[in-house]
Amino acid sequence: MSGFTLVFGALAALYAWGWWRAKRRGRGWPLWRLALFVGSALAIVAVMSPPSMQWAHDDFRGHMAVHLVAGMIAPLGLVMAAPVSLALKNVPAHWGRRWVRFVSLPPIRVLGHPVTAALLNIGGMMALYLTDLYSAMRHSPGFALWLHWHFVVAGCLFSWAIAGPDPAPRRPSLEWRFGVLVVSMAAHATLSKWMARFHFPASVPLDQVQQGAELMFYAGELPEALLAYLLARQWVRSRYREPAGARGVTP
Amino acid sequence: MILQRQEDAVPRKESREAMFTGTHGRMPWRVGKESPRSNPGPSGRGFFASAWRREVKTYLHEGIDMSERVQRRTGATMLAAVLLGIGIMAALDEIGFHQVLAWHHFVETDNSALALASDGLLHTLELVMLVIGGALMLRLHETGQHAPGYRGAGFLLGMGGFQLFDGIVDHKILGLHQVRYVDNLLVYDLCWNLAGLLLLAIGYWLLRRARRGEALSQR
């Protein structure tokens, strides 16, 4: 049993327990959020299981598919399930103040800034594919394990910094978050085109690189578009309010 | 029979009687053909029917014009429609010409790193435009603030503008790819850009109608 199975199985069980406890105490929490969190955690467990890891080790397309699920799609689901909000519903009120104090600490604010999160995410990918790090990863299991944890954690951090629903005081403005999102999406698209055109990483056969890069380009923009939609929805909801008394008036 | 012009038949700001007596939202050639009270609202004794009548009576009595209760946002509707038009046209180009017909490829062998970076940035911007346009248009409809007539105009203007931009900047100036790799390329380029011009012309015609209050759809 790998560390991923233990950690994400425990997190999913904890979330389900919190959901059940909140429901029992009459403070409902939507079922779709439970389904989202458990589904995302199970997706990470599934792609980190031995057969899928073997495929990812042998085949660059497999590596890209694993990266896509573990680094972009599943983290988005984990963050959008608002696990911190659910936890704060289940603990005494002064824990909420403690959480806010923790998030307001300067190192945490720097780490949770969209620019840092994007650098960790896209910068890590550029370092991995454009240098010889990819072949180093294939020959060192310890480095590969560390890198997969990096994918998952950096993906969660990025989704949370851009459009996380959990309480976080003094967040950077919407303009900052949208700008960082657009730049990182463009960097992602550019990186995949460069990989297909200039044959990066060079230790992989060219046809695998081209198919993997196309997968990265087309499938990778779906979670990014979803993230952009969630952010845009926050913006239009604050900009265009429901007119007072308009509901139920139109015959 | 000469059709009545719509602005004669339905005033732009309907009087409050018009909201309840049937001219609201009618086809212009049908206005005046029905009795003044052809739209009495739901009849019967059910909860909704009686609530509707009570509300109508209240507004008639207090003199509130319901058509003015919601502010129509012309600029925001236009912006959302243009963004949607650009995004949809870019998606059609990507799906139709790149994926289905495979007239051009993911990357060409003579692309430079800079051209590919600009291609990635343009592609991202198109996707973001589609997403923002969709979110904004949904919200305008949720709150009832969309302006009639500007949706279609903006959509076609966005589509035509993107088609022309793609044909001139992407294909000719940046040289990312051509429409199709054949000998008589000029025919393909002309068709591509003329289609963009045609869309722009229809969009401009719709925009003029919307500005005059003669939009094809008043809802």
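Residues numbered from 1 in each chain as written. Chains lettered and ligands numbered in written order. Predicted model: local features only at pLDDT ≥ 70, side-chain atom pairs only at ≥ 80, totals over all residues. Heavy atoms only, no water.

Turning next to the overall build of chain A. Regarding its fold elements, chain A presents 12 helices and zero strands. Put simply, chain A has 251 residues, and 46% of those count as buried. When the accessible area of chain A is evaluated, it comes to approximately 12,300 Å², of which 69% is carbon and sulfur surface. (Helix = DSSP H or I, 4+ residues; strand = E, 2+ residues; numbered from the N terminus. Buried < 20%, exposed > 50% of the residue type's maximum accessible area, 1.4 Å probe, protein only. Areas by Shrake-Rupley, 256 points an atom, 1.4 Å probe, with all protein chains shown as cover.)

Of the regular secondary structure elements, chain B holds seven helices and zero strands. For chain B, the sequential pattern of α-helices and β-strands runs α-α-α-α-α-α-α. Classification of the 219 residues of chain B by burial places 43% in the buried group. Entry remark: accessible area of chain B is about 12,600 Å², with carbon and sulfur atoms responsible for 62%.

Okay, the interface of chain A and chain B next. Of the residues lining the interface, 36 residues belong to chain A; the matching set on chain B comes to 38 residues. Taken together, chain A and chain B are joined by one salt bridge. A salt bridge links lysine 193 of chain A to aspartate 119 of chain B, with the nearest nitrogen and oxygen atoms 2.8 Å apart. Taken together, the links from chain A to chain B amount to seven residue pairs in polar contact (both at pLDDT 80 or more). For the side of chain A that touches chain B, the secondary structure elements donating two or more residues are α11 (174-198) and α12 (206-239) of chain A. Partitioning the side of chain A that touches chain B into residue classes produces 23 nonpolar, four polar and nine charged. (Contact = heavy atoms within 4.5 Å. Salt bridge = Lys/Arg side-chain N within 4 Å of Asp/Glu carboxyl O. Polar contact = N/O pair within 3.5 Å; in protein donor to acceptor, adjacent residues only side chain to side chain. Nonpolar A, V, L, I, M, F, W, Y, C, P; charged D, E, K, R; others polar.)

All names here are of chain A. According to the stated counting rule, one finds 10 aromatic pairs over all chains in the structure shown. Between phenylalanine 143 and tryptophan 146, the ring centres sit 6.2 Å apart and the planes meet at 15°, which makes this aromatic pair stacked. With phenylalanine 143 and tryptophan 146 both in helix α10 (residues 141-163), this residue pair falls three residues apart, about one helical turn. By relative accessible area, phenylalanine 143 is classed as partly exposed at 25%. Members of the aromatic cluster, joined through ring pairs, are Phe4, Phe8 and Trp149. The side chain of arginine 21 reaches across the aromatic face of tryptophan 17, ending 5.8 Å from its centre. Of note, arginine 239 hangs over the ring of tyrosine 240, and the distance from its end group to the ring centre comes to 4.9 Å. (Phe/Tyr/Trp six-rings, centres within 6.5 Å; stacked < 30°, edge-to-face > 60°. Lys NZ or Arg CZ within 6 Å of the ring centre and 35° of its normal.)

The next subject is the confidence of the model for chain A. Any segment with low pLDDT has predicted coordinates that should not be analysed in fine detail. Across chain A, the average pLDDT comes to 90, with 96% of residues at or above 70. Of all secondary-structure elements in chain A, the lowest mean pLDDT belongs to helix α9 (residues 133-139) of chain A, at 88, while helix α2 (residues 31-47) of chain A reaches the highest, 96. (pLDDT = per-residue confidence, 0-100.)

This next bit is on the nonpolar core. Ranked by size, the top nonpolar core spans 27 residues in total, and within it Phe8, Tyr15, Ile44, Met48, Leu78 and Val152 of chain A carry the most contacts. Residues in contact with valine 152 of chain A, not counting those within four places in the same chain, are Phe4, Phe8, Ile44, Met48, Ala70 and Pro75 of chain A. Counting residues in hydrophobic clusters, the runner-up holds 26 residues, among them Met80, Ala225 and Ala228 of chain A together with Leu83 of chain B. (Core = buried A, V, L, I, M, F, W, Y, C linked by side-chain atoms within 4.5 Å.)

With that settled, the discussion passes to unusual backbone geometry. For residues other than glycine, phi is negative in most cases, and the peptide bonds are mostly trans. All names here are of chain A. In this chain, phenylalanine 200 is followed by proline 201 through a cis amide linkage whose omega measures -15°. Considering the arrangement of structural elements, one finds proline 201 in the loop between α11 and α12. The phi torsion at histidine 199 lies on the positive side, around 60°, for a residue other than glycine. Along the chain, the position of histidine 199 falls in the loop between α11 and α12.

Right, let's talk about a nonpolar patch on the surface for a bit. Among the surface-exposed residues, Leu6, Val7, Leu11, Leu14, Trp17 and Trp20 of chain A lie close enough to one another that they form a single nonpolar patch of about 610 Å² accessible area. Residue position: leucine 14 of chain A is located in helix α1 (residues 3-24). (Patch = residues over 30% accessible without salt bridge, like charges linked within 9 Å, V, L, I, M, F, W, Y side chains within 5 Å.)

Along an α-helix, residues three or four apart share an orientation, since each turn contains 3.6 residues. Residues and elements named next belong to chain A. The end-to-end C-alpha separation of helix α8 (residues 114-130) is 23 Å, in line with the 24 Å expected for 17 residues at 1.5 Å each. Within the sequence span of α8, burial applies to Pro114, Ala117, Ala118, Asn121, Ile122, Met125, Leu128 and Tyr129. On its buried face, α8 is in contact with α4 (60-80), α7 (106-111), α9, α10, α11 and α12. (Expected span 1.5 Å × (residues − 1).)

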